[in-house]
Amino acid sequence: MARRTLYLVRHGAADALGRVTGQGREQARLIGQRLARLPVDAVWHSPLPRAAESARLIAAQMPRVLVDEAAELVDNVPFVPGPDRVPPSWAGFFDGYGPAEAEAGRRTADASVDRFGGPNGGGRRETHEVAVTHAYPIAWLVRAALGAPPGQWMSLAGVANASLTVVEFGDDGPAHLVVFNDTAHLPEELRWTGFPDARRL
């Protein structure tokens, strides 16, 4: 199986209705410039408008790259822990998640790992793919790459808008987490959107 390098990007900053803001469009343009230096084969995106628009803006910085929707990248809660395993900082977050909704979220999350969380199964050459998605799917894919328990996704869910996370998959051993939540391509005033104010450095 051929090696796959997966570039996980959270969509640009969006308003309360899920529309990418002017700030978010600039973030997408800048990360597109950064990724344009790489041999990107495809830019996949969540079905949600904020991810789809961000993906188009990113791809506009690249020559002739495939841009397409991947339903598995939709924003969702990937795993609902038992009541005794919810960290205090997440208290109340899972209220109202019934078994059916939790199971549907887990199926979607596992489908994203099946599609993006391993080597390029049928390919003969290595691939470089961008996945424009949301904080929780990024956390779930990174958790899976690290082989961490399902509930560990919550500790990885704090990713900034237009941040870059890079995971390499090959058939010669475990996945390699190369970069997590990197915003070096953004100026300081654009770096911390999507984060609680208390976490800004």
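Residues numbered from 1 in each chain as written. Predicted model: local features only at pLDDT ≥ 70, side-chain atom pairs only at ≥ 80, totals over all residues. Heavy atoms only, no water.

**Q** It is not clear to me how a nonpolar patch on the surface should be interpreted in this structure. Could you clarify?
**A** Where nonpolar side chains cluster on the molecular surface, the patch consists of Leu146, Leu177 and Phe180 and spans about 240 Å² of accessible area. Residue placement: leucine 146 occurs in helix 4 (residues 135-146). (Patch = residues over 30% accessible without salt bridge, like charges linked within 9 Å, V, L, I, M, F, W, Y side chains within 5 Å. Areas by Shrake-Rupley, 256 points an atom, 1.4 Å probe, with all protein chains shown as cover. Salt bridge = Lys/Arg side-chain N within 4 Å of Asp/Glu carboxyl O. Helix = DSSP H or I, 4+ residues; strand = E, 2+ residues; numbered from the N terminus.)

**Q** Explain the packing of aromatic side chains to me, please; I cannot follow it from the model alone.
**A** Aromatic ring pairs: the centre-centre distance and the angle between the two ring planes describe each pair. Counted according to the given criterion, the structure contains 11 aromatic pairs. Ring centres of phenylalanine 79 and tryptophan 140 lie 6.4 Å apart, and the angle between their planes is 25 degrees; on these two criteria the pair is classed as stacked. Of this pair, phenylalanine 79 sits in the loop between strand 3 (66-69) and helix 3 (99-116) while tryptophan 140 sits in helix 4; the two residues are 61 residues apart in sequence, bridging distant segments of the chain. Tryptophan 140 gets classed as buried once you look at its relative accessible area, which sits at 1%. Taking 6.3 Å as the distance between ring centres and 25 degrees as the angle between the ring planes, the aromatic pair formed by phenylalanine 93 and tyrosine 97 counts as stacked. An aromatic cluster of at least three residues, connected via ring pairs, comprises Trp90, Phe93, Phe94, Tyr97, Tyr136 and Trp153. Across from the ring centre of tryptophan 140, 4.0 Å away, lies the NZ or CZ of arginine 143, which sits over that ring. (Phe/Tyr/Trp six-rings, centres within 6.5 Å; stacked < 30°, edge-to-face > 60°. Buried < 20%, exposed > 50% of the residue type's maximum accessible area, 1.4 Å probe, protein only. Lys NZ or Arg CZ within 6 Å of the ring centre and 35° of its normal.)

**Q** Just to check I follow, could you spell out the pairing of strand 4 (residues 127-133) for this structure?
**A** As a general feature of sheets, a regular strand has side chains that alternate between the two faces. Counting buried positions over the seven residues of strand 4 gives seven, a clear majority of the element. A two-sided burial pattern is seen for strand 4, the buried positions comprising Thr127, Glu129, Ala131 and Thr133 on one face and His128, Val130 and Val132 on the other. As defined by bridge partners, strand 1 (residues 4-10) adjoins strand 4 across seven bridges and the pair is classed as parallel. What sits directly across from arginine 4, in strand 4, is threonine 127. Looking at chain direction, strand 2 (residues 42-45) and strand 4 are connected through four bridges and run parallel. Of the residues in strand 4, the one forming a bridge with tryptophan 44 is alanine 131. (Pairing = 2+ DSSP bridges.)

Note that all results are geometric; they support no functional claim without further evidence.
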